[in-house]
Structures are given as structure tokens and as C-alpha cells.
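Reading the structure
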Amino acid sequence: MDFNVLDSLNTKLIRPEGSSKHDGISVPFQLPPDVSNEARFVFTVESIVMPQKLKGTLTFIVKTDDGSSHEKLDFKLHFTCTSYMITTPCYSDAFSKLLESGELKISAIKVDRISISFQLLLAKICFHHHFSVVERINSCASMYSRSIQGHHMCLLVKMGDNSISVDGKCSDSTLLGNLLDELKQTLTESC
């Protein structure tokens, strides 16, 4: 089996030394029928502020009683901005200083037709988007996360009548916009 991905300008598959960017990586095992296995592939990412979609192909040989044939399976890898966020605790005084610094960009979203409890909504944001709750008062919560490249992300989540509004602040406006889009998609699909 051979695993290959088309590199983008921003995201690249780490290949063995001496390989070109067009060479695939040999998968280190065979898969007999009804067996599963995992392989680890490493990528480098220059900037995490934009989601990345990479196209790839897994090529393999299928052996049957009648012989063998070459087959391929095309796939897409989607690297979301959320996947680069780290759940990081933040105390309320440090959170306030960060908001007051004037160094953060601001953006907001609103999602209508929310039918789950506020507690469950916060749990979804924490689990799916790697945020921690800084402070919660009734149906309003301050949340924080940090990216692997050190971007600060602050959210103010407010529950209204069957709707939720999220005000976000981040040290990078592109990352903020993309994370809010991903958050809106999660809330739209599952709430």
C-alpha cells in the first residue's frame, strides 16, 4: 500500500529523506480481509489561521483467487483551524487583561433555533473546539483557548430565546473568522 497527499503551499506531508513531493509513503503493513490497522503520517503546517483541504490517494493491490489487481482510493484530509487549538485554563483577571490590551480583533456570530440547554451548549464548545470556561453567570459565559502558534482566542457566549450569540476576540482576525465559522457549523448541525 502506498499513501500520498498533494502538498499545499501551507501544509506538507513529511516524506522520507531523498523523496520528492510527488512520492508516496509506503504503508508499513498489509491488510488481510476483515482486519483493520492504523498508520501515522506527519505533516508540517506553516500557518494555522486558514483551514486546509488536501487531496490524497491510497494505492494498493487486491489479491484474489483469480490473480491480483491494482486499485486506488481517493480521499480528502480536512485540517480545521479548531484542530490547532489547545484547551487552556485562564483565570478571570488574566482574561480581563487580555481583553483590555487592545491587541485583539473582534467578530461575532449569531445562531438561531437553538434547542439545547446552555450547559450542554458550553460542553459542546469545550469538547469540539477546545475551549475552557473562564466564568459563567446564568446564560452568559466567557471562554478561552490558545492555538499551537500562540494566538489567544476569547469568546463571550450568550444564550437568548432559542438563539445563541458569540462575540469573539483573537490576536489574528483571519483565525477568528474561520474559528467562528467552524463554531457556527457545529452549533447549526447539532443543536
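One structure accompanies this document, and this report is about it. As the structure is a computational prediction, the values presented were derived from the model and not from experiment.

**Focus on a nonpolar patch on the surface**
Taken together, the side chains of Met1, Leu31 and Val35 define a hydrophobic patch exposed on the protein surface, amounting to about 230 Å² of accessible area. Considering the arrangement of structural elements, one finds leucine 31 in the loop between strand E3 (25–26) and strand E4 (43–45). Of the residues examined, leucine 31 reaches a relative accessible area of 41% and is grouped as partly exposed.

**As for helix H2 (residues 118–129)**
Helix length check: H2, at 12 residues, gives a terminal C-alpha distance of 16 Å against a target of 16 Å (1.5 Å per residue), a fit within 8%. Three or more residues of H2 are buried, namely Phe118, Leu121, Leu122, Lys124, Ile125 and His129. Seen end-on, H2 carries its buried residues on one side only, within an arc spanning 155°. Of the residues flanking the end of H2, it is histidine 130, one or two places downstream, whose phi is positive at about 65°.

**Comments concerning the sheet that holds strand E1 (residues 2–5)**
Backbone hydrogen bonds hold the strands of a sheet together, and the pairing may be parallel or antiparallel. If you walk across this open sheet you meet the 4 strands as E3-E1-E5-E6, and the pairing is antiparallel. Only two strands of the sheet have a single partner each, and these edge strands are E3 and strand E6 (67–79). Strand direction decides the pairing type here: E1 and E3, joined by 2 bridges, are antiparallel. Within E3, the residue paired with aspartate 2 across the bridge is serine 26.

**Thoughts on unusual backbone geometry**
Its identity is not glycine, yet aspartate 34 carries a phi of approximately 65°, on the positive side. As for its placement among the helices and strands, aspartate 34 is situated in the loop between E3 and E4. You will see that arginine 113, though not glycine, has its phi angle at about 60°, which is positive. As for its position among the elements, arginine 113 is in the loop between strand E8 (105–112) and H2. Assessed through its relative accessible area of 72%, arginine 113 is described here as exposed.

**Looking at the pairing of E1**
The pairing of E1 with strand E5 (residues 52–64) spans 4 bridges and is classified as antiparallel. Bridging from a neighbouring strand, phenylalanine 3 pairs with leucine 58 of E5.

**Brief notes about the pairing of strand E12 (residues 163–170)**
Bridge count for E8 against E12 is 8 bridges, and the pairing is antiparallel. Its bridge partner being in E12, valine 111 is matched across the sheet by isoleucine 164. Looking at chain direction, strand E11 (residues 152–159) and E12 are connected through 7 bridges and run antiparallel. Directly across from methionine 159, in E12, lies its bridge partner isoleucine 164. Two successive antiparallel strands, E11 and E12, enclose a turn made up of 3 residues, where asparagine 162 displays a positive phi of approximately 60°.

Each value, and the rule that gives it
- Residues numbered from 1 in each chain as written.
- Predicted model: local features only at pLDDT ≥ 70, side-chain atom pairs only at ≥ 80, totals over all residues.
- Heavy atoms only, no water.
- Patch = residues over 30% accessible without salt bridge, like charges linked within 9 Å, V, L, I, M, F, W, Y side chains within 5 Å.
- Areas by Shrake-Rupley, 256 points an atom, 1.4 Å probe, with all protein chains shown as cover.
- Salt bridge = Lys/Arg side-chain N within 4 Å of Asp/Glu carboxyl O.
- Helix = DSSP H or I, 4+ residues; strand = E, 2+ residues; numbered from the N terminus.
- Buried < 20%, exposed > 50% of the residue type's maximum accessible area, 1.4 Å probe, protein only.
- Expected span 1.5 Å × (residues − 1).
- Arc of directions from axis to C-beta.
- Pairing = 2+ DSSP bridges.

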